[in-house]
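Here is what each chain is made of, one letter per residue.
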Amino acid sequence: YITIRGKGPIVQELKNEAKKVDRILLATDPDREGEAISWHLAHILGIDEDEPIRVEFNEITKDAVLKAVKKPRPINMDLVDAQQARRILDRLVGYKISPLLWRKIKKGLSAGRVQSVAVKLICDREKEIENFVPEEYWTIVALLEKDGTIFEANFYGIYENGEEKKVELSNRKEVDGILK
């Protein structure tokens, strides 16, 4: 990793401040990204990530912070590795699909892992639509009455050799034949 351009002074300031203290606790967000940020900070500041340097809390209240500071833990490398894998997937998948989104939908859109699946579903559906071959079909509906009650009856098929057989109606000629 390299320091982001323009962030050198901040990194230097952190290193200078770190030299003035006996202990550093890292309290980044309690998720993969936060864990990775803590790992990067530990690396930059020369802190052993196996030491109990990581504190975690879900609310910024005096009680929550004091409780977290009493229970520091080492950096969870599984979370750091998960973040690294996510980052790689973003680059392998998202970077290749984003230009497609720019051409087909709107400039500046970004495709990550989830968006990539959505784009694939959209593309698959678009292919289905493009490959669709329209087929003509007909239905026969009769309005019938019995004892003053009117109801609809849909044509299903015919009886042939004592069995009901479904008939697909695909043109006017077939419909006229049934009606006769």
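Located above this text is the structure these notes cover.
Each chain carries its own residue numbering, running from 1 in the written order of its sequence. Only residues with pLDDT of at least 70 are given local features in this predicted model, and only at 80 or more are side-chain atom pairs given and counted; all residues enter the totals for whole chains, interfaces and linings. The side-chain values count all of the structure's non-hydrogen atoms but skip hydrogen atoms and water molecules.

Caption draft 1: Summary view of unusual backbone geometry. With phi around 50°, Asp 147 is a residue other than glycine that occupies positive phi space. Secondary-structure assignment places Asp 147 in the loop between strand E1 (141-146) and strand E2 (149-154). Under the scheme applied here, a residue whose accessible area is under 20% of the maximum for its type counts as buried, over 50% as exposed, and between as partly exposed, the area being computed with a 1.4 Å probe on protein chains only. The class for Asp 147 is exposed, based on a relative accessible area of 73%. Backbone geometry places Asn 161, a non-glycine residue, at a positive phi of 55°. Comment: elements are numbered from the N terminus, with helices defined as DSSP H or I runs of at least four residues and strands as E runs of at least two. Within the fold, Asn 161 resides in the loop between strand E3 (157-160) and strand E4 (163-166). Given a relative accessible area of 78%, Asn 161 falls into the exposed group.

Caption draft 2: Local environment of the pairing of E2. For E2, the buried fraction is low: 0 of the 6 residues fall into the buried class. For two strands to be treated as a pair, DSSP must find no fewer than two bridges joining them. In this sheet, E2 lies alongside E1 in antiparallel orientation, the contact comprising 6 bridges. When the bridges of E2 are listed, Glu 145 appears paired with Ile 150. Hairpin connection from E1 to E2: 2 residues lie between these consecutive antiparallel strands, with Asp 147 at a positive phi of about 50°.

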